[in-house]
Structure formats: structure tokens, C-alpha cells
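Below are the chains, spelled out letter by letter.
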Amino acid sequence: MFLDATKESGESLDIETITRRVARYVGLALEASWCCVVLEPNEANRGQSRVFVCDSVKTVFADALPRSIDRRLPALRAAATDRREPTVLGRDSGDPLFDESPQIAWVATIPILLENRVLAHAVGIVTDEGKRFGPEQLRMASGIGRSIAPAIAHAELYADSLRNLAESRMLQRLSSAILNQFGMADVLEIVCREVQSLTGAAGSAVLLEEHGQLEIAFSSGDAATWADRVLREHAAPSARHAPVEPVLINKLWFGEGEEPSTRVRSLLAVPLRVHGNTIGAVQLVNKPPGFDEGDLRIVSRIADQVAMTVEHTRLHAQQEKMAVLEERQRLARDLH
């Protein structure tokens, strides 16, 4: 089992694939009815805790994380982290978890360590009260976790490198569009397409203040055609202006009673600022399971360039108008 777990984990750099394999082998070692692995938040996974359920050992709860376990996960993980060894919780403990989920008899939490750093936790469940987690099973599960921990760390670093590369290429394409003097609409289309692709959002939009009113300059994807409405109602200090600070809301319900594709459940809006003045915002909506600080960082980097591009385009348009006006005045003088 150790050899198979190590071999399979080394065959992939996909973090989800590796983590599900960890859950499978830990579940087999524990002889669990159900098993999942929770990746701990860190810089590589953008500070986001993620849960992966074993593909094969899921006879009780399938892919759904039981609500009682979900609520108790922070405490279970904290206990295992403090001890740096497996912790077991049984029905005889009187924990309210077992009242909420009477089918659960025992819960084991296994810290997955790499050089004393906790990368993840495996959580195994048994439903048979007469079947307890024995010391040998816990040692086996811990050993498997340690053997696969380097693969998890490498996969997270690889995923982080891919994200950084994608961000760099996106900024390069945006800079190229600006330097090649693409029109405003072309630049905004690139912005909406790139941020939507990088963050996994369902819709994106760039909103600009025109004549004292916030208006959609470009939008794409679901729930973006009325982006000014949701931004004004949930983010802007008034009905007319863009937000002066970034807005990140993951528990939002906007558009009740409308078509499902026009409902907003999560919102990320980053203001466009030039010389201390807010001239608009980049807005994203509906990312499952929600936006995080990594998404905010990506959009903020883009927003700076977008704001400069908008301001440059506006100044160029003003210069052209001034040139036309001066030429008309010169012709009028000559005719006079």
C-alpha cells in the first residue's frame, strides 16, 4: 500500500488528483466508511482551504461533506495540528457532532506533515459503532500521509507557478494591446476576457463614470449586462459613483425572481484609480465557490493598467477635440 500510494502520487502534478489519491489510500488504511482530505490554506493555494473526497471510499456521504463535519472541521484540524498526531473522536465523547449525524460512530483526523509543517488533514469516518480506529490503522494512515506529502507540496508549487505564468502572459497581452494602440473597446474586451478566464468567474464587466453616472463600458459572460445595477446597490457609496475600495462578497443574492443566468451569488469589484481619483471599476460575478484574496490581487494588478489606459485614451480624445477646435477657429479667422 505504501509503495502504490507513493508511486501513484508521483505520477501526477495535478493537486486534485494527488489529494484524492491520498484520501483513497488513507481511507483504505483506516478501513473507513468515508474519507476526505482538507488542504490547509497557504500561499501556494492562495490562502484557500479545499476539501477533496476520496473517489472510491464514499459509500455513506458520496461527494458531500456532512454539515456536522464541516462545522467541526476547524476544531478537529486544530487538535490534530497541536498534537502533530492523529486524533480520534467517538460517540461516547458526547460531542454534538454525533447528535447531528447519528450515522457517524467514529471520526479520525490525520495530520499530513512535511518537515513538521502541516500541509493537509485526512478525515476518516466509520459508521459501525463496534468498529474503532486501532493504533496500527492510525500509524499506517499517518505513514501514507507522510509518504505522499512531498507530492502534495510539489503539486501546489507547480499550480502556483502556472498561475503566475498565466498572470504574466495576461499582463503582457494587455500591455501589447496598449502599446499597439488598440482602441478602447479592444482593450476592455481583452481585460474582461482575461480576468474572467484567470479567476473562473461567470461574468465580467468594466464600468466607467461618464458625465457623473456609472455606466457599463464593456461586459461579457453571465450576469454582466446589468453590472452597473448590482455594483450600485451593493458596493457604491451612492447610486452614481464607483466604489472607492475593493469589494468582495461571496454570500450575495441579487436578481431574485429573474432568470437563473442573471442571478448574482458572488461579487468582486476593484476600483479604477488615476491620481487618487476613482474613474470606474472592474467587476466580476459568480465564481464557484467564491472569490478569494488571490482573485483580488490579480484584478488589482490589471486595474492599475486599465485605469491608465482609460485616462490616456480620454486625454488623447480631448487633445483631438482641442486640435479640431483650434483648426476651426483658425479657419474662421482666415475667412474673417
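This text follows the structure it describes.
Now for a look at the structure at hand. Please read these numbers as outputs of a predicted model, since none were measured by experiment. (Residues numbered from 1 in each chain as written. Predicted model: local features only at pLDDT ≥ 70, side-chain atom pairs only at ≥ 80, totals over all residues. Heavy atoms only, no water.)

Structural notes on empty space enclosed by the protein
Line of reasoning, step 1. Using the criterion set out here, one finds one cavity of 30 Å³ or more in the structure.
Line of reasoning, step 2. The calculated volume of the largest cavity comes to roughly 30 Å³.
Line of reasoning, step 3. Taken together, M170, L171, L174, I190, V191, E194 and I302 make up the lining of the largest cavity.
Line of reasoning, step 4. For the lining of the largest cavity, the secondary structure elements donating two or more residues are α5 (135-179) and α6 (184-199). (1 Å grid on protein atoms, 1.4 Å probe; cavity = no way out; pocket = protein on both sides within 12 Å on 5 of 7 lines; lining within 4 Å. Points joined across faces, edges and corners; volume = space filled by probe spheres on them. Helix = DSSP H or I, 4+ residues; strand = E, 2+ residues; numbered from the N terminus.)

Looking at the environment of E327
Line of reasoning, step 1. Topologically, E327 is positioned in helix α8 (residues 293-335).
Line of reasoning, step 2. A polar contact is formed between the side chain of E327 and the side chain of R330, at a distance of 2.6 Å. (Polar contact = N/O pair within 3.5 Å; in protein donor to acceptor, adjacent residues only side chain to side chain.)

Section: the packing of helix α1 (residues 2-9) against helix α2 (residues 15-30)
Line of reasoning, step 1. At a minimum axis distance of 10 Å, the contact between α1 and α2 shows a crossing angle of 170 degrees. The orientation of α1 with respect to α2, classified from their angle, is roughly antiparallel. On α2, the residues that touch D4, A5, E8 and S9 of α1 are I18, R21, R24 and Y25.
Line of reasoning, step 2. Grouping the amino acids of the contact of α1 with α2 by side-chain chemistry returns three nonpolar, one polar and four charged. (Axes fitted to C-alpha atoms, helices over the stretch in contact; angles between N-to-C directions. Parallel < 35°, antiparallel > 145°, perpendicular 65-115°, else oblique. Contact = heavy atoms within 4.5 Å. Nonpolar A, V, L, I, M, F, W, Y, C, P; charged D, E, K, R; others polar.)

Description of the state of the cysteines
Disulfide: a covalent bond connecting the sulfur atoms of a pair of cysteines.
Line of reasoning, step 1. Per the counting criterion, the structure on display carries zero disulfides.
Line of reasoning, step 2. Free cysteine C36: the closest other cysteine sulfur is in C35, separated by 6.3 Å.
Line of reasoning, step 3. A relative accessible area of 0% means that C36 is categorised as buried. (Disulfide = S-S within 2.5 Å. Buried < 20%, exposed > 50% of the residue type's maximum accessible area, 1.4 Å probe, protein only.)

Structural notes on the environment of I18
Line of reasoning, step 1. In this fold, I18 is placed in helix α2.
Line of reasoning, step 2. Sequence spacing of I18 and F52 is 34 residues, and the spatial spacing of their C-alpha atoms is 9.8 Å.
Line of reasoning, step 3. Filtering out sequence-adjacent residues up to four positions away, I18 remains in contact with S9, S12, L13, I148, A151, I152 and A155.

Side note on a nonpolar patch on the surface
Line of reasoning, step 1. Taken together, the side chains of L13, Y158 and L162 make up a nonpolar region of the molecular surface, amounting to roughly 270 Å² of accessible area.
Line of reasoning, step 2. The residue L13 is located in the loop between α1 and α2 in this model.
Line of reasoning, step 3. According to the relative accessible area criterion, L13 is partly exposed, its value standing at 44%. (Patch = residues over 30% accessible without salt bridge, like charges linked within 9 Å, V, L, I, M, F, W, Y side chains within 5 Å. Areas by Shrake-Rupley, 256 points an atom, 1.4 Å probe, with all protein chains shown as cover. Salt bridge = Lys/Arg side-chain N within 4 Å of Asp/Glu carboxyl O.)

Some remarks on the nonpolar core
Proteins that are soluble and globular tend to have nonpolar side chains buried together.
Line of reasoning, step 1. Residues V22, V26, L30, I112, I148 and I152 are the most contacted members of the largest nonpolar core, which totals 33 residues.
Line of reasoning, step 2. At the level of elements, α2, β1 (34-39), β4 (106-114), β5 (117-126) and α5 are the ones that each hand at least two residues to this core.
Line of reasoning, step 3. Looking at this core element by element, the count peaks at nine residues for α5.
Line of reasoning, step 4. Here V22 is in contact with V37, I112, I148 and I152, once residues within four sequence places are set aside.
Line of reasoning, step 5. Listed in part, the 27 residues of the second largest apolar core include L268, V270, I279 and A303. (Core = buried A, V, L, I, M, F, W, Y, C linked by side-chain atoms within 4.5 Å.)

Details of the pattern of salt bridges
Line of reasoning, step 1. Under the counting rule described, the total for this entry stands at ten salt bridges.
Line of reasoning, step 2. The residue E136 makes a salt bridge to R139 at a minimum N-O spacing of 2.6 Å. Here the residue E136 and the residue R139 both occupy positions in helix α5, the gap between them amounting to three residues, near one helical turn.
Line of reasoning, step 3. Ionic pairing is found between E327 and R330, a salt bridge with its closest N-O pair at 2.6 Å. One end of the pair, E327, and the other, R330, are both in helix α8, three residues apart, so they sit about a helical turn from each other.
Line of reasoning, step 4. The partly exposed category is assigned to E327, whose relative accessible area is 35%.
Line of reasoning, step 5. Judged by its relative accessible area of 34%, R330 falls in the partly exposed class.
Line of reasoning, step 6. In the salt-bridge network here, residues are joined through shared partners; they are E8, R21 and R24.

Things to note about α2
Line of reasoning, step 1. A rise of 1.5 Å per residue sets the reference length of α2, with its 16 residues, at 22 Å; its end C-alpha atoms lie 22 Å apart and thus fit the reference within 8%.
Line of reasoning, step 2. The buried fraction of α2 amounts to twelve of the 16 residues, a majority that puts the element mostly inside the structure.
Line of reasoning, step 3. Those residues of α2 lying buried are I15, I18, T19, R20, R21, V22, A23, Y25, V26, G27, A29 and L30.
Line of reasoning, step 4. E31 sits one or two positions beyond α2 and adopts a positive phi of about 55 degrees. (Expected span 1.5 Å × (residues − 1).)

Considering the pairing of β1
Line of reasoning, step 1. Of all the six residues making up β1, six are buried; the element is thus mostly covered by neighbouring parts of the structure.
Line of reasoning, step 2. Side chains W34, C36 and V38 of β1 all project onto a buried face; the interleaved residues C35, V37 and L39 project onto the opposite face, where all are buried too.
Line of reasoning, step 3. Pairing analysis gives six bridges linking β1 to β5, with the strands arranged antiparallel. Residue V37 lies in a different strand from β5, and its bridge partner there is A122. (Pairing = 2+ DSSP bridges.)

Here we look at unusual backbone geometry
Line of reasoning, step 1. Positive phi values are uncommon outside glycine, yet R84 reaches one of about 55 degrees.
Line of reasoning, step 2. With respect to the element layout, R84 can be found in the loop between α3 (67-83) and β3 (87-90).
Line of reasoning, step 3. Located in the positive-phi region is N286, a residue other than glycine, with phi close to 55 degrees.
Line of reasoning, step 4. Within the secondary structure layout, N286 lies in the loop between β10 (277-285) and α8.

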